[in-house]
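Chain by chain, the residues:
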Amino acid sequence: RKCLRRLTSHVIASRGGEREMEIMIEAATFLLGWPQNQAVRVASGGRGESTVASTRMVSMQGVTMALSAMSTAIQSIVGVVGLTAAKTKLQEQKYKLDDRCKALNSLKSILRNDLLNESHDNISMDDPYLAVESSVGLLHFLVAQGAFKSIERLQICEIGKKKQLSSSPGVMASAALRIPLNVDPLSFVPWLCDVVIPSLSIGHPLLCRVRSWACKAADYYDEKNILCGIDS
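Residues numbered from 1 in each chain as written. Predicted model: local features only at pLDDT ≥ 70, side-chain atom pairs only at ≥ 80, totals over all residues. Heavy atoms only, no water.

## Some thoughts on the overall build of the protein chain
Put simply, the rule is: The helix and strand labels rest on DSSP assignments: H or I over at least four residues marks a helix, E over at least two residues marks a strand, and numbering proceeds from the N terminus. Throughout, exposure labels follow a simple rule: accessible area from a 1.4 Å probe, protein chains only, divided by the maximum for the residue type, with under 20% read as buried, over 50% as exposed, and the rest as partly exposed. The contact criterion used throughout is that any non-hydrogen atoms of two residues lie within 4.5 Å.
Counting its secondary structure elements, the protein chain contains 9 helices and 2 strands. By the burial criterion, 37% of the 232 residues in the protein chain qualify as buried. Contacts spanning at least 24 positions in sequence make up 68% of the contacts within the protein chain whose residues lie at least 6 apart.

## What to know about the packing of helix H8 (residues 185-199) against helix H9 (residues 207-223)
Using the following cut-off: Lines fitted to C-alpha atoms define the axes here, with helix axes fitted over just the stretch in contact, and angles between the N-to-C directions of these axes take values from 0 to 180 degrees. Throughout, the term roughly parallel applies to angles under 35 degrees, roughly antiparallel to angles over 145, roughly perpendicular to angles from 65 to 115, and oblique to all others. Note on convention: the crossing is left-handed when the near helix lies turned anticlockwise from the far helix by less than a right angle, right-handed when the turn is clockwise. All amino acids are sorted into three groups, where Ala, Val, Leu, Ile, Met, Phe, Trp, Tyr, Cys and Pro are nonpolar, Asp, Glu, Lys and Arg are charged, and the leftover types, Gly among them, are polar.
Closest axis-to-axis distance for the H8/H9 pair is 13 Å, and the angle between their directions is 160°. Accordingly, the angle class assigned to the pair H8 and H9 is roughly antiparallel. As for the relative orientation of H8 and H9, their crossing is left-handed in sense. Between H8 and H9, the contacting residues are Pro-185, Phe-188, Leu-192 and Ile-197 on the first element and Val-210, Trp-213 and Tyr-221 on the second. A breakdown of the residues in the contact of H8 with H9 according to their chemical character gives 7 nonpolar, no polar and no charged.

## A closer look at the pattern of salt bridges
Two side chains that carry opposite charge are able to pair once their charged atoms sit near each other. Where we set the bar: Any carboxyl oxygen of Asp or Glu within 4 Å of a side-chain nitrogen of Lys or Arg constitutes a salt bridge here.
Tallied over the full model, the rule gives 2 salt bridges. Arg-19 serves as the salt-bridge partner of Glu-22, at 3.0 Å between the closest nitrogen and oxygen. Residue Glu-22 and its partner Arg-19 are located together in helix H2 (residues 18-32), separated by 3 residues, close to a single helical turn. A salt bridge links Asp-98 to Lys-94; its shortest N-O distance comes to 2.7 Å. Of the two residues, Asp-98 and Lys-94 both sit in helix H4 (residues 85-110), 4 residues apart, roughly one turn of that helix.

## A few points about the packing of aromatic side chains
Basically, it comes down to this: For this analysis, a ring pair means two rings from Phe, Tyr or Trp (six-membered ring only for Trp) whose centres lie within 6.5 Å, classed as stacked if their planes differ by under 30 degrees, edge-to-face if by over 60, and tilted for the remaining angles.
In total, this model carries 5 aromatic pairs according to the counting rule given. Both rings, one in Phe-148 and one in Phe-188, keep their centres 6.0 Å apart while their planes meet at 50°; by these two values the pair is tilted. Here Phe-148, found in helix H6 (residues 148-157), pairs with Phe-188, found in helix H8; they are 40 residues apart in sequence, far enough to count as distant. Residue Phe-148 shares its accessibility class with Phe-188, and that shared class is buried. Their ring planes at 75° and their centres at 5.4 Å tell us that Tyr-220 and Tyr-221 sit as a pair that is edge-to-face. Joined through ring pairs, the aromatic side chains of Phe-148, Phe-188, Trp-191 and Trp-213 make up one cluster.

## Description of the packing of helix H3 (residues 60-78) against H4
Across the interface, H3 lies against H4 with an axial gap of 9 Å and an inter-helix angle of 155°. It follows that H3 is roughly antiparallel to H4 by the angle criterion. In terms of crossing hand, the pair formed by H3 and H4 is left-handed. Taken together, the residues that form the contact of H3 with H4 break down as 12 nonpolar, 8 polar and 5 charged.

## Topic: the nonpolar core
Put simply, the rule is: Only buried residues count toward a nonpolar core. Its members are Ala, Val, Leu, Ile, Met, Phe, Trp, Tyr and Cys residues joined through side-chain atoms within 4.5 Å.
Core analysis: the biggest nonpolar cluster contains 59 residues, and Met-24 and Trp-191 have the highest contact counts within it. Counting residues per element, this core draws most heavily on H3, which supplies 8 residues.

## Things to note about a positive patch on the surface
We apply this condition: Grouping into patches uses exposed residues only, defined as over 30% relative accessible area, and leaves out salt-bridged ones; the cut-off is 9 Å for like charges and 5 Å for nonpolar side chains (Val, Leu, Ile, Met, Phe, Trp, Tyr). Areas reported here follow the Shrake-Rupley algorithm with a probe of radius 1.4 Å; residue values treat only the protein chains shown as occluding. We score Asp and Glu as negative and Lys and Arg as positive, and we do not count His or the chain ends. Charge coordinates come from a single atom per side chain, which is NZ of Lys, CZ of Arg, CG of Asp or CD of Glu.
Where like charges cluster on the molecular surface, the positive patch consists of Arg-1, Lys-2, Arg-5 and Arg-6. Relative to the helices and strands, Arg-6 resides in helix H1 (residues 2-13).

## So, unusual backbone geometry
Peptide bonds are trans in most cases, and residues, glycine excluded, mostly fall at negative phi. Residue Pro-35 follows Trp-34 across a cis peptide bond; omega there is 10°. One can find Pro-35 in the loop between H2 and strand E1 (57-59). You will see that Arg-15, though not glycine, has its phi angle at about 55°, which is positive. Within the secondary structure layout, Arg-15 lies in the loop between H1 and H2. For Arg-15, a relative accessible area of 58% puts it in the exposed group.

Structure, rendered in structure tokens:
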């Protein structure tokens, strides 16, 4: 935090100096990929032995606090520097930082009972959940994992918010196309039939694609003789 404050002060004092802005952009870019870009994998084992990987742990709260701090720093900078390509780039970085922070906060909320202990939210630095970059990316990731109960909680959390990204028809339909066929159909059919498809208006560009995916899925389950009560 002290380093970030010093960096922010230097950028503001220089009135958006080229080098200072460049360093700030690099710092924001690094943080967008953190902590996975700092995950430590230590390979061990000799000839014929299996490779073992070890990674460090990180606090989810720490990640979101770092993202928020960088976003605040950028906000203070763009408010005083002139309009340049670097300023535009920083504003784009701020949007990404805020979106990732929102996604990870939602993740902490909806998956607390699934992943995290309420009093200790440390997880591995290379945990795939930390690769989530946005609210839309979070929905896509949960679909790919077959975590439809978590998706339901995510969309309930968004009720009343101005931007309900994960609940918009186009985003849900795009995510539905990523449902793995090896997932128990009973876990996703209610969401697909009661939420996704009814949200699409007649003529929506993704409606035909969702129907095509549903037909493909039905053929797959027929071939595998998987009924699970959805044979109709």
